[in-house]
Each structure stands twice: as C-alpha cells, then as structure tokens.
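# Structure at a glance
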Amino acid sequence: MKVLVTGATGFVGKKICRKLILAGYQLVISTRSKKRTEKDFPYPAEIIEWDYANQDFDAKHLEGVDSVIHLMGESIASGRWTSDRKERLYKSRIESTNKIVKAIHQSPSVKSFLAASAVGYYPFSDQEGFDESAKPGDSFLANLCVDWEKASENLPSKVRRCVFRLGMVLGHGGAMEKLESLFSYGLTSPLGSGKQWMSWIAIEDLVDIFFKALTEESFHGVYNAVSPHPVRNKEFHKSLAKSFSRPLLPSTPSFILKTVLGEMSQVVLGSQKVLPKRLLEQGFSFRRRTLEECFQHLYPHGAFTKVVEKDLFLEGHDLSIFDFFQDEKNLDQLTPDFLNFKVLGKNTPEIQEGTEIYYRLKLNGIPFRWKTLIRRWEPPYLFVDTQESGPYQVWDHTHTFEATDRGVMVSDKVYWKLPIPFISLPIAGFKVRSDVKKIFAFRKQKMEELFGR
Ligand SMILES: NC(=O)c1ccc[n+]([C@@H]2O[C@H](COP(=O)([O-])OP(=O)(O)OC[C@H]3O[C@@H](n4cnc5c(N)ncnc54)[C@H](OP(=O)(O)O)[C@@H]3O)[C@@H](O)[C@H]2O)c1
C-alpha cells in the first residue's frame, strides 16, 4: 500500500509516517523543501517538492497511491495573525486541498483521503459540549475550518473521505514543546478566567485514529479527534503544575494576552468543549483518557527534563542488528571524539537486566566517570540504560528495535536533565542541547556507515 502524506515533516505528520513505515506502507511525501527533507526526514520515502501557491499538484505523483493524508498548513499558533499570516494560514490549507482534490480526480488508484481540520470549527461557548453535528462558529478560525473541510467535499464518490477536527495535540513537539521551559520555571498560570474549556488529544491516540481510519472502511465523514475528557483551562494548568511540582500562579489577565497575541488570543481564551462522539460510537479506545495520565506519560521526570527522540530506518536489516548492542565496547564507535568516551567495564559477564556499565568521558574538557544501569533488557527488541552516577541529574535512554519486511527501525528516546537545572539550564542548556544534538547526529552517521546497504 502506498500513501501520500502532506505535512509529513511536521509534528503530527512525522509520527503518522513512523507508524505507516512500521506497518509496511510505502510513503510519498510532499514538502516545500526537498533538500531539507532529504537531510532530516528519518523514514524511507519518495520526496516531492511542491510549491502549492504556484504549482498544481502533479497527478503523476499519485500513480499507484492508495490513500492521501493531508496535513500541511502554516502553523496556527506560532505568532500574531497579521494579514499576511492570515492569508498563508488560509491558502496553505484551502488552495492546497483544492489542488490535491483536483489531482485525485485524475488518479484512479486513490481510494481514501484523510485530512486534518481543527476544533476551531466550533463556536466559543462556556456551557455547550459540541459533537460532530454542531453548527460551526463565525470566527476567523471557524471560517477557515469550514472552507478547509468544504474543499475536500467534491472528491470522486469512490474516494472514502475522513476529516478530523483536532484538539490541542499533546506530545513532545507542537505547542507543548514551545511552552515546556516556561512551565519548568514555574510560570504556569491559568489564562484569562481559566474557565474556558480546552479540548486536547495525546499524539499516540491521534496516530492510532489516523491509522484506524486508513485501514478500516467503516471510517468516513467528520470526526472530533479529541480526548473524551476536555478540561477547563485552570484544570489544565493545575495538572501541568502538579506534574512539574510547581505552584500554580494567579491567572494571566485576558487583556495582556489580547495585547500580546492580538486576534490569535482566541486560540487560548476561547472556550470549546468538544466531544469525540463518533469515535466512541465506533469503539475507539483511547490510550490517554485523562490529562493526568497524559502528563505522567510525557513528563515522567518532572520539570526541566529535555527529551530527544530519534529514529533511523536501516533498510535490508533485521533484528539481528541488536547483536551489535550486546557488546558494550561497540558503544565507543557510536560516540563522537569530542566526548573522549571510553567503556571501562561492567559488573556481569554478559549484559542483562541489572548490569552496571562503567565509562569515562569528557564534557567541555571536564573529565567524568559515568555509571549506567541496564534497567530493562529485552533482546532483540528493547533495552534501557539509566545513569546511576555521572554528569547529569537524569539520563534515561530507551533503545528500541522494530522489524518490518523492508528493514529495521532503530529508535532512541532520551530524557536528560542537568543538575541544579534551575540555574544550569539557562547557563549551560544551550551548549548541552547542541552537544546532545551532535552526539545523535554522529550516532546516525556512524550507524549508516556501519549498516548502510
Ligand atoms: N498540533 C496541533 O495541536 C493541531 C491542532 C489542531 C489542528 N492541527 C492541524 O493539523 C495539521 C498538522 O499539525 P502539526 O502540528 O503537525 O503542524 P506542523 O508541525 O506545523 O507541520 C505542518 C507542516 O505543514 C507544512 N507547512 C508549514 N507552513 C506551511 C506553509 N506556509 N505552506 C505550506 N506548507 C506549510 C510544513 O511542511 P514542510 O516544511 O515540509 O513544507 C510542516 O511540516 C495542521 O494542518 C494543523 O493546523 C494541529
């Protein structure tokens, strides 16, 4: 099965592409910059450069494509809505949809079309809960969503169409990534009255929803892609403050937000209690039903923890790649010279759960001893090493290995936190972040050299 994904390089798109690759799909992705995407996109894909404003979508790119997942669009919440930005917000969604729909009309292979919309579709209301049958609002965002959805209504009748009205997506990326540092410093405050409803969804659930809609014919029409438990803004920030062990500050007055954000303030001040009626009717089971569960999963180490998530897909390999990691000495090869990294030994003959591994390394010229504990060892699928003593307050590294017919996905997820983070993060955070980035860039390059085909 072949799927075209637009917006594949974005927060949601990348996670959906990961799932598709693991499920054995072939990917075609469109982007504004082929060069950047070839460098950064971690999954095997045919990459198409598309300037939607000046070009039609060439139907030849849909040859053999079974489904289209259309996510692209100028970011809604990353700045004031100047008239230029409003035009980009609108055109990048509506014009691009019109052009893709036109191309689908010339492409007999396409059988389904899944697209993003947003809960901004609904009116602002403090009381009402909106299911999919509710009437739209009349704000800039509501009108944008109405036109965005309408643009895909005239697909060929044989094409199954699903449109998802997304709530705020919670994960390591998107809005939360931008705000985590503020929250870490205790700047967690309800916005405006704090009474406005927020409709949210965990990224894992959203990916599952798209995947189900792709694979199950029973999915069609419009769905609210939100958790069944929307919360009031004050509750959201209270829960966040609790996860970060920070006090909740008094509310930020609405007039400040309106002055700073202009019209965009409606995204944070507007109340929209949106319910996933159709998903529940179709038996969709949410992995993160409550906000507490979602934050516990996202921030297991509390405030000031940074997360690095990296995937590398090695074509033509299988899970035997795990063997390389059975010998801790191989770690030297995956670590850049500037760390002066050396494995010194371990306390069991073979690596197993509970093994301690000892290393030395240098950070910014300062020598450190490092001891990690293998806290999970599940060959050939997963292992987790966590710092027992060393330069970080937290270093917890999960390595996963997932096989497909085409190759193996090697993934790293690291939580790291500096000691005395309140002070060290503003002073050294930038340097450490850049070093961690270099470490993973080197690791990727080395793995490609060692295992590339
Ligand atoms: N994340 C949320 O909380 C949320 C909530 C409601 C709705 N949504 C909607 O869901 C979709 C995916 O969200 P996301 O969070 O993954 O978005 P994102 O991270 O901002 O990614 C969107 C992608 O669209 C492309 N893009 C950005 N600006 C563009 C422009 N001016 N013209 C054409 N393409 C542009 C970019 O791809 P290239 O750089 O490769 O071209 C980008 O990777 C979006 O349409 C968004 O509005 C998201």
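Look a little higher up for the structure.
### Things to note about empty space enclosed by the protein
- On inspection of all chains with the given rule, the structure shows three cavities of 30 Å³ or more.
- There is about 340 Å³ of room inside the largest cavity.
- Taken together, 24 residues make up the lining of the largest cavity; nearest its centre are Leu331, Phe341, Trp370, His397 and Arg443.
- Listing elements by their share of the lining of the largest cavity, those giving two or more residues are strand 16 (356-363), strand 17 (366-378), strand 18 (382-389), strand 19 (394-403) and helix 13 (421-451).
- The volume enclosed by the second largest cavity comes to roughly 50 Å³.
- In terms of lining, the second largest cavity is formed by Glu180, Ser181, Ser184, Phe244, Tyr299, Gly302, Phe304, Thr305, Lys306 and Leu425.
- At three residues, the largest contribution of residues to the lining of the second largest cavity is made by helix 5 (residues 174-184).
- Tallied by class, residues from the lining of the second largest cavity come to four nonpolar, four polar and two charged.

### Some points on the packing of aromatic side chains
- Per the counting criterion, the structure on display carries 30 aromatic pairs.
- Above the face of the phenylalanine 140 ring, lysine 86 is positioned so that its terminal group lies 4.9 Å from the ring centre.
- One residue, arginine 278, lies across the ring of tyrosine 223, its end atom 4.2 Å from the ring centre.

### Quick look at the pattern of salt bridges
- Counted by the stated rule, this structure contains 29 salt bridges.
- When the shortest N-O distance is used, the salt bridge between arginine 18 and aspartate 311 registers 2.9 Å. Residue arginine 18 is found in helix 1 (residues 11-22), and its partner aspartate 311 is found in strand 14 (residues 306-315); the two are separated by 293 residues along the sequence.
- For arginine 18, a relative accessible area of 17% puts it in the buried group.
- The partner of glutamate 378 in a salt bridge is arginine 376, with the nearest N and O atoms 2.9 Å apart.
- Within the structure, one salt-bridge network assembled from shared partners comprises Lys15, Glu309 and Lys413.

### Remarks on the site of the ligand
- Around the ligand sit 24 residues, and of these Thr9, Thr31, Leu71, Glu74 and Arg93 come closest.
- Here glutamate 74 contributes a side-chain N or O atom positioned 2.7 Å from a nitrogen atom of the ligand.
- A distance of 2.6 Å separates an oxygen atom of the ligand from a polar atom in the side chain of arginine 93.
- Isolated, the ligand exposes 880 Å² of accessible area, and the fraction of that covered by the protein chains is 85%.
- If you list the elements that add at least two residues to the shell around the ligand, you get helix 1, helix 3 (83-105), strand 5 (112-118) and strand 8 (168-170).
- When residues of the shell around the ligand are assigned to their parent elements, the largest contribution, three residues, is made by strand 5.

Parameters at a glance
- Residues numbered from 1 in each chain as written.
- Predicted model: local features only at pLDDT ≥ 70, side-chain atom pairs only at ≥ 80, totals over all residues.
- Heavy atoms only, no water.
- 1 Å grid on protein atoms, 1.4 Å probe; cavity = no way out; pocket = protein on both sides within 12 Å on 5 of 7 lines; lining within 4 Å.
- Points joined across faces, edges and corners; volume = space filled by probe spheres on them.
- Helix = DSSP H or I, 4+ residues; strand = E, 2+ residues; numbered from the N terminus.
- Nonpolar A, V, L, I, M, F, W, Y, C, P; charged D, E, K, R; others polar.
- Phe/Tyr/Trp six-rings, centres within 6.5 Å; stacked < 30°, edge-to-face > 60°.
- Lys NZ or Arg CZ within 6 Å of the ring centre and 35° of its normal.
- Salt bridge = Lys/Arg side-chain N within 4 Å of Asp/Glu carboxyl O.
- Buried < 20%, exposed > 50% of the residue type's maximum accessible area, 1.4 Å probe, protein only.
- Near = heavy atom within 4 Å.
- Polar contact = N/O pair within 3.5 Å; in protein donor to acceptor, adjacent residues only side chain to side chain.
- Areas by Shrake-Rupley, 256 points an atom, 1.4 Å probe, with all protein chains shown as cover.

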